[in-house]
Number of protein chains: 2
Amino acid sequence: MSLGPLFRPKSIALVGAAHTESKLGGVVLKNLLAFRGKVYPVNPKYDELMGVRTYRGVKDIPDPVDLALILRPANEVLQDVKDFSGRAQCIIIMSSGFAEIGEAALQEEVKRTAAERGIRLLGPNCMGVYNPHHRLDTLFLPRERLPRPKKGNVTLVSQSGAVLSCLLNAVDEAGTGIAKAIGYGNAIDIDEAELFDYLAGDRQTGVVVSYIESVGDGRKFVIAARRLADRKPLIVLKAGKGTSSQAAAYSHTGRLAGSYEVFRSILRQFGIREAEDFDVLMDATKSLAYQKGLRGKRVLVVTNGGGSGVLAVDECLRQGLEVVPLSGEKKERMKSHFPNFFSVNNPIDLTAQVIDQDYVTAMCELSDEYDGFLVIALPNVLGITEGLAGLLADCRRRVNKPLVCNIPPGGIGNKLTRLLERQKIPVYPSPERAVRGLKALLE
Amino acid sequence: MSLGPLFRPKSIALVGAAHTESKLGGVVLKNLLAFRGKVYPVNPKYDELMGVRTYRGVKDIPDPVDLALILRPANEVLQDVKDFSGRAQCIIIMSSGFAEIGEAALQEEVKRTAAERGIRLLGPNCMGVYNPHHRLDTLFLPRERLPRPKKGNVTLVSQSGAVLSCLLNAVDEAGTGIAKAIGYGNAIDIDEAELFDYLAGDRQTGVVVSYIESVGDGRKFVIAARRLADRKPLIVLKAGKGTSSQAAAYSHTGRLAGSYEVFRSILRQFGIREAEDFDVLMDATKSLAYQKGLRGKRVLVVTNGGGSGVLAVDECLRQGLEVVPLSGEKKERMKSHFPNFFSVNNPIDLTAQVIDQDYVTAMCELSDEYDGFLVIALPNVLGITEGLAGLLADCRRRVNKPLVCNIPPGGIGNKLTRLLERQKIPVYPSPERAVRGLKALLE
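1. A few points about unusual backbone geometry
The linkage connecting N346 of chain A with the following residue, P347 of chain A, adopts the cis geometry, with an omega of 10°. Structurally, P347 of chain A can be placed in the loop between strand 16 (343–344) and strand 17 (348–349). Notably, A187 of chain A is not glycine yet its phi reads approximately 55°, a positive angle. If you trace the backbone, A187 of chain A turns up in the loop between strand 11 (178–183) and helix 6 (192–200). Overall, A187 of chain A belongs to the buried group, its relative accessible area being 10%. Of note in the backbone geometry, K424 of chain B takes a positive phi value of approximately 65° without being a glycine. By the secondary structure assignment, K424 of chain B is in the loop between helix 15 (413–422) and strand 20 (427–428).

What follows is the structure, given as structure tokens:
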């Protein structure tokens, strides 16, 4: 079976539906109200919940469903799975209370029972799926508490539901947008490898962000990750790197984390991107969502703040990017465009006397000499206006190479950031984060 | 002379005052309108600017001033300094066009001329001073472009004006507040060492953040930095770490950056904190502005998101903090307070079923066992409310040990963050940044 019923179901059953959003089953039902297919809530006490016809038991559902969601205590899950025999293609078991608290035998029996009946499982102990392109949202977090990001090309694959919610939050703040978000929990059936295989062929998915605590079958994982990374950018955040964090990961999903050093060396060997922490992950995600194709390491830094330029150069050096000086001829040419107190090196320092157009002059004149461009625009001087966004967007189209910006928040910085990111130019609040965003684009 | 006239002048002259904020001299004059002492604008063409009586030349100013600001082209600065002979105790030369563009001889002559006349100099090529406790603001950046932070205990000492503006921006965003902010530029007279000496005895200053590209007299710097760091936290961000960034730093302030490795080892040897980049610097600044006294390395992590807890533990390990497991007895005691599906280890995982009070229960019960506390509150579940801020603030007062929080932005996260930080509990958007904030408090 493909994962179609998981991501693009036509019908959904919800076991554990509730009448109020103060219960998780009510939150999920509320979110399913926006779903365009058929929804079958199940609750032994109600004939109707939130205006939707409700069924007393799984066996009362009149039609087979593509996808079933189970949100009942762990000790009831096995019977529910049995009841879905012949009635569901795929089940998301959101309930916790399995291997992560020592109930490995129960988990194993659920797994076997589903496999015997040809039912695919996501979970248990998981958040499920958010697919805005299909209006599908199984997350048990209220929308007023976790605003859902708009549609986009970033797909999140997270073992942890909590980290999935943080990733969704960060994507929403960054404004990039989501293709799919999956919290897969204990992964007793559908695992990261199978998800990667599906996503490799998923047209909506442009970038895959994967939070992993542990991997079941290492070989299978590596093959799938490599195949996916050949098709589109994959960035992995591996948690549970040391002994005590591995213990925390075990009590969280019931899978052993394994040696981080081995994991890391395998990722490196196969050219799969790894982010060292949450913030680096999200900074890389933003640039990969918007741009691609840093074909070499030669970076030009254009700034209106000397010190910010120095910090950017420091980070370029740490990241292995090359801040190559201008050739003598180019330097003379550049100087002819600018007042004599501009510092024409790399970085080019446009000083507090900058005007918007100076950035474009520098980038266009030097477009052939560099592989990528970092624009630092401190909008605390009057020469920088909101018009800079349009100028940079036009310039980037002409230059057709990666461009990232560092613009501090506050003042007109927030407005400029929104305008630039609408044009798919990623903006970062510090020079160092901007450099790391650029580095993530290196092929 | 002490630096009193620089930080707490009673009278100020402004050479280069202008009638409009489209000129830097107009921005500064506008900012000086809020100053409570006497202001003497100087401009050969006006008798009045922005409603303030204006003088045609320096020699026309009727009284000696504590502080003079010069915002005129470099080639006029020497004469202005001469004209202030006997008329000013201290001059801030904001103009650029000195050693940073090769005009070392001119710079040297300005320096000698001032020294002979007993006038102290800040700059040239500098931003000057912002001292909200004295309503003093010499920065040539308009307030609507760079909102000035409120009063607080953080003092910024930056060679670069651009980085100073970014630091001010970040302090404003973080909401901690400023004691003093100084951009000292080429540092031909007053340098970081003398500023450190002054700040060591400054009552308003609780934390000193220092951005340095180059140091003139290394020995003097180390002695002053060490003396300051003995009195209050000092965090240094050293820029210009590699050859190409040292070149950028040289063309920026005209001082040689020197070997970073030597600088770094000296800082380490004398126990002076160093931040590796801008974001680490600001994260450390926030926790140091609000709290102090992490007396040991034993950290308790209390979370409502399992994966976020794992990421926090990973970062603790990287930072050399110890996530010590609960003793068997304490573990049993804790379990008696909580539902059986809470994971009672370290981290304590309160799951999506958390209520506010659970955090307090964990922290208070275990207050003797740990040196510092990290609370991760993902406010995407209904059990977390705005009431958490008051509960944690009370709890911290009782426990009287450092507490930092990780709360993602968005939803009620922003509100909770504001409430907590008003109570001097620093909040960070990711688990890793929160851990680094806690680490900065280690004595």
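Still more to cover.
2. What to know about the pattern of salt bridges
According to the stated counting rule, one finds 50 salt bridges over all chains in the structure shown. A salt bridge links R112 of chain A to E109 of chain A; its shortest N-O distance comes to 3.9 Å. Within this pair, R112 of chain A and its partner E109 of chain A are both found in helix 4 (residues 104–116), separated by three residues, close to a single helical turn. Residue classification places E109 of chain A among the partly exposed residues on the basis of a relative accessible area of 33%. A salt bridge links K220 of chain B to D191 of chain B; its shortest N-O distance comes to 2.9 Å. Of this pair, K220 of chain B sits in helix 7 (residues 218–231) while D191 of chain B sits in the loop between strand 11 (178–183) and helix 6 (192–200), and the two are 29 residues apart along the sequence. Because the salt bridges share partners, they merge into one network encompassing E109, R112, E116 and R117 of chain A.

3. Notes on the relation of the copies chain A and chain B
Relating the two copies of this chain is a rotation about some axis coupled with a shift parallel to it. Rotating chain A by 180° and translating it 0.0 Å along the rotation axis places it on chain B, where the RMSD comes to 0.0 Å. On this basis, the relationship between the two copies can be described by a two-fold rotation axis. Taking the C-alpha atom as reference, chain A places D279 of chain A closest to the rotation axis, 5.3 Å from it. The fraction of interface residues of chain A whose copies in chain B are also interface residues reaches 100%, indicating that both copies meet through the same surface.

4. Describing the domain arrangement of chain A
Residue and element names in this part refer to chain A. As assigned here, chain A comprises domain 1 (1–124), domain 2 (149–290) and domain 3 (292–439). One C-alpha centre belongs to domain 2, the other to domain 3; they are set 31 Å apart. With six residues of domain 2 at the interface, the matching set in domain 3 holds nine residues. Of the charged contacts in the structure, one is a salt bridge between D283 and R433, with a shortest N-O distance of 2.8 Å. Joining domain 2 to domain 3, the criterion identifies six residue pairs in polar contact (both at pLDDT 80 or more). With five residues, the top contributor of residues to the side of domain 2 that touches domain 3 is helix 10 (residues 278–290). Classifying every residue of the side of domain 2 that touches domain 3 by side-chain character gives three nonpolar, one polar and two charged.

Conventions adopted
Residues numbered from 1 in each chain as written. Chains lettered and ligands numbered in written order. Predicted model: local features only at pLDDT ≥ 70, side-chain atom pairs only at ≥ 80, totals over all residues. Heavy atoms only, no water. Helix = DSSP H or I, 4+ residues; strand = E, 2+ residues; numbered from the N terminus. Buried < 20%, exposed > 50% of the residue type's maximum accessible area, 1.4 Å probe, protein only. Salt bridge = Lys/Arg side-chain N within 4 Å of Asp/Glu carboxyl O. Least-squares fit on C-alpha atoms with pLDDT ≥ 70 in both. Contact = heavy atoms within 4.5 Å. Domains from an automatic or database assignment. Polar contact = N/O pair within 3.5 Å; in protein donor to acceptor, adjacent residues only side chain to side chain. Nonpolar A, V, L, I, M, F, W, Y, C, P; charged D, E, K, R; others polar.

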